[in-house]
Amino acid sequence: MMSKLRLLLGKWSKLIILLFLLGTTFSYAMFQGGFVSWFLFYSFLPFVAYALLIHLYPLSDFHVERVAGDRTLHAGDSLEMKIRIKRKYPVPILYICLDEQLPRSLDVSSERTKRNELVFIGFRRELEFSYTLQDLARGEHEFSDIVLRTGDLLGILEKEWVAQVKETVLVLPKTVRLAVRQLKSEYEHGQRTNLYKIRQETAMVSGIRDYEPGDRMVTIDWKSSAKGLGLKSKNFEENHSNDSFLMLNDISEYHIFEEMVTFTASLAEAVLEKGMRVGIWARGDRQNQLIEVKEGKVHRQRIMYFLTRLKALEAGDASYAPPARSIPEHASLIFITSELNMSMVQTYTRLSDGKHPLTILFFRNDVQRGLEKSEQDAYLYAVNHGVTISIIHDRSEWDVWKERMR
């Protein structure tokens, strides 16, 4: 009961103050008389009339629409955001203040957390303005509601309304060109090649499955498809493999993690352009987030959206690895991390189990600092167990991967 009374008083108290001031000026004019006192009263009347108009006019008459510019954005791009305001009745309103809370994920290192716009609207029923956000960070950015505020000319009466105009903008990871060459690695029964044609021509058909987006035309079983059961694709017993499985350790500091994501996206894109297959695993907020090993344009888009939503974790078990059943037979394992310790290397060495060539890419942003004792021990353990390991400080060293892919 008291809360309702307090809310009611808060809603009407400022209007009561204005009416009290109007009554005071009228009483002063009646008892004092003269030009000055009546001039004061009549000068105060428009302010009170405008305040009453603001109090009675519903701000819900405004329809606010947010329109994002380019929908295909990559990290570092600019975003133009337009705000459109429409209303039914041309009630004279001097100004409208729009307050927008920007997503914190837009730029974790800046103070761009709020956007304010003061719009002098007058009698207009439609209004549009825009602003540009520079140097967007990778991620899924959710724009919240916009708060509309207005008030009387004296600043006594204030009124606000929340316009529900939520919008989600996806900023894909930025990619750089990587020169991925033919991937070769000896298996127990021969060599592995990345040529898709050879892999298919030397394989035996093991069964039929439903067609999936991204399947090549040569894999379609036209005889089964002609029976009216829909498009069917062939399953092959592969004697050769060109699969790559990328594993991303997202327990990392923000800026170096962004470099790791950029490298992962670039490598996945380069591998897919060569007609090879690739899958990705990352721990993320939920364990066992992974994209299965596949190929094609649809798969590339799925990978980019997957990497867009990844976030760096502050803490966790760095030695946590994907389940072995999620890794295709003979796939090459590429582990991308900014941490290096013995338990982690041992875990991923056991995961390779001698069946999967394992490469560890250790990202570091401190060029001056040498490896710590624990990192040196982990490094030597990896080398002694046949693991290819590279230390990467900046993008100029990303070309080392070109040598690993020969």
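This is a predicted model, so every value here is computed, not measured.

Student: How do you make sense of the overall build of the chain when you look at a structure like this?
Tutor: Helices and strands together make up the secondary structure of the chain, namely nine helices and 20 strands. Across the 406 residues of the chain, 43% fall into the buried class. Accessible area for the chain stands at about 22,600 Å²; split by element, carbon and sulfur atoms hold 54% of it.

Student: Would you explain the sheet that holds strand S15 (residues 244-248) in this entry?
Tutor: Either a parallel or an antiparallel arrangement is found when strands of a sheet pair, and the pairing is made through backbone hydrogen bonds. As summarised here, the arrangement of the six strands in space is S17-S16-S15-S18-S19-S20, forming an open sheet in which the pairing is mixed. At either margin of the open sheet sits one strand with a lone partner, and together these are strand S17 (289-294) and strand S20 (388-392). The mean inter-strand angle of the sheet, taken between neighbouring strand axes irrespective of direction, is 15°. Direction of pairing for S15 relative to strand S16 (residues 278-282): parallel, over a ladder of five bridges. When the sheet's bridge partners are listed, Leu246 is paired in S16 with Ile280. Docked against the sheet, helix H5 (residues 254-273) engages S15, S16, S17, strand S18 (332-337) and strand S19 (358-363), running at close to 170° with respect to S15.

Student: Would you mind going over the nonpolar core with me for this structure?
Tutor: Note on soluble globular proteins: their nonpolar side chains tend to be buried together. Residues Phe62, Leu79, Ile83, Leu98 and Phe143 are the most contacted members of the largest nonpolar core, which totals 32 residues. Those elements that provide at least two residues to this core are helix H2 (35-56), strand S1 (62-68), strand S3 (79-87), strand S4 (96-101), strand S6 (126-133), strand S8 (146-151) and strand S10 (167-172). Sequence-distant contacts of Ile83, defined by excluding residues within four places in its chain, comprise Val64, Glu65, Arg66, Leu98, Leu127, Glu128, Phe129, Tyr131 and Ile146. Within the second largest apolar cluster, 31 residues are counted, among which are Leu246, Val278, Ile303 and Ile392.

Student: Would you mind showing me how to read the pattern of salt bridges here?
Tutor: Oppositely charged side chains can form a pair if their charged atoms are brought close together. Scanning all chains against the criterion turns up twelve salt bridges. The shortest N-O distance in the salt bridge between Arg177 and Glu273 comes to 3.0 Å. With Arg177 in the loop between S10 and strand S11 (185-187) and Glu273 in helix H5, this residue pair connects regions lying 96 residues apart in the sequence. In this structure Arg177 comes out as exposed when scored by relative accessible area, which is 70%. Within the structure, one salt-bridge network assembled from shared partners comprises Asp99, Arg149 and Glu160.

Student: What is the right way to look at a nonpolar patch on the surface in this model?
Tutor: Judged by side-chain polarity, Leu94, Leu118, Phe120 and Leu153 come together as a nonpolar surface patch covering roughly 400 Å² of accessible area. Its place among the elements puts Leu94 in the loop between S3 and S4. Among the residues examined, Leu94 registers a relative accessible area of 42% and is labelled partly exposed.

Student: Where do I start with H5 in this structure?
Tutor: The α-helix winds at 3.6 residues per turn, so residues separated by three or four positions along the chain end up facing the same way. Its 20 residues give H5 an end-to-end C-alpha distance of 29 Å, which sits within 8% of 28 Å, the value for a rise of 1.5 Å per residue. Most of H5 sits inside the fold, with 16 of its 20 residues counted as buried. Once H5 ends, the next one or two residues include Gly275, with phi positive near 80°.

Student: Would you take a moment to explain the pairing of S1 for this structure?
Tutor: Walk down a regular strand and you will see the side chains alternate between the two sheet faces. Of the two faces of S1, only one is covered, namely that formed by Phe62, Val64, Arg66 and Ala68; the face formed by His63, Glu65 and Val67 stays uncovered. In terms of strand pairing, S1 meets S3 through seven bridges, oriented antiparallel. Looking at S3, one finds that Val67 is bridged to Lys82.

Student: Explanation requested: the pairing of S3 in the structure shown.
Tutor: Residues Leu79, Met81, Ile83, Ile85 and Arg87 line the buried face of S3, whereas the alternating positions Glu80, Lys82, Arg84 and Lys86 sit on a face that is not buried. The pairing of S3 with S6 spans eight bridges and is antiparallel. Residue pairing for S6: Glu80 is matched across the bridge by Thr132.

Student: Would you explain the sheet that holds strand S5 (residues 114-119) in this entry?
Tutor: Spatial strand order, S5-S4-S8-S9: four strands in an open sheet with antiparallel pairing. Both edges of this open sheet fall to S5 and strand S9 (158-163), since each of them pairs with a single strand only. Between one strand axis and the next, the sheet turns through 20° on average, direction left out of account. Bridge count between S4 and S5: six bridges; the pairing is antiparallel. Bridge pairing in S5 links Cys97 to Leu118.

Student: How should I be thinking about the packing of aromatic side chains in this particular structure?
Tutor: Given two aromatic rings, their pairing is described by the distance between the two centres and the angle made by the two planes. Considering all chains together, one arrives at nine aromatic pairs under this definition. Judged by centre distance (6.2 Å) and plane angle (80°), the ring pair of Phe26 and Trp38 falls under edge-to-face. Note that Phe26 is positioned in helix H1 (residues 2-32) and Trp38 in helix H2, a separation of twelve residues in sequence. By relative accessible area, which is 27% here, Trp38 ends up partly exposed. Taken together through their ring pairs, the aromatic side chains of Phe26, Trp38, Phe41 and Tyr42 make up a single cluster.

Student: Help me understand the side chain of Ser37 in this model?
Tutor: Mapped onto the fold, Ser37 is located in helix H2. Among residues more than four places away in sequence, those in contact with Ser37 are Tyr28, Ala29 and Gln32.

Student: So what exactly am I meant to see when it comes to the packing of helix H7 (residues 342-352) against helix H8 (residues 373-384) here?
Tutor: The interhelical angle for the contact between H7 and H8, taken along N-to-C directions, is 20°, at an axis separation of 8 Å. Judged by the angle between their axes, H7 and H8 are roughly parallel. In terms of crossing hand, the pair formed by H7 and H8 is right-handed. Between H7 and H8, the residues in contact are Met342, Val345, Gln346 and Thr349 and Asp377, Ala378, Tyr381 and Ala382, respectively. Grouping the amino acids of the contact of H7 with H8 by side-chain chemistry returns five nonpolar, two polar and one charged.

Student: What should I look at first to understand the confidence of the model for the chain in this one?
Tutor: Caution applies to low-pLDDT regions: their predicted coordinates should not be interpreted in detail. Taken residue by residue, the chain gives an average pLDDT of 79. The fraction at 70 or more is 79%. Throughout residues 402-406 the model reports pLDDT below 50, and contacts reaching past four residues in sequence, or to other chains, amount to 15 contacts.

Quick notes on the rules
Residues numbered from 1 in each chain as written. Predicted model: local features only at pLDDT ≥ 70, side-chain atom pairs only at ≥ 80, totals over all residues. Heavy atoms only, no water. Helix = DSSP H or I, 4+ residues; strand = E, 2+ residues; numbered from the N terminus. Buried < 20%, exposed > 50% of the residue type's maximum accessible area, 1.4 Å probe, protein only. Areas by Shrake-Rupley, 256 points an atom, 1.4 Å probe, with all protein chains shown as cover. Pairing = 2+ DSSP bridges. Axes fitted to C-alpha atoms, helices over the stretch in contact; angles between N-to-C directions. Contact = heavy atoms within 4.5 Å. Core = buried A, V, L, I, M, F, W, Y, C linked by side-chain atoms within 4.5 Å. Salt bridge = Lys/Arg side-chain N within 4 Å of Asp/Glu carboxyl O. Patch = residues over 30% accessible without salt bridge, like charges linked within 9 Å, V, L, I, M, F, W, Y side chains within 5 Å. Expected span 1.5 Å × (residues − 1). Phe/Tyr/Trp six-rings, centres within 6.5 Å; stacked < 30°, edge-to-face > 60°. Parallel < 35°, antiparallel > 145°, perpendicular 65-115°, else oblique. Left-handed = near helix turned anticlockwise from the far one by under 90°. Nonpolar A, V, L, I, M, F, W, Y, C, P; charged D, E, K, R; others polar. pLDDT = per-residue confidence, 0-100.

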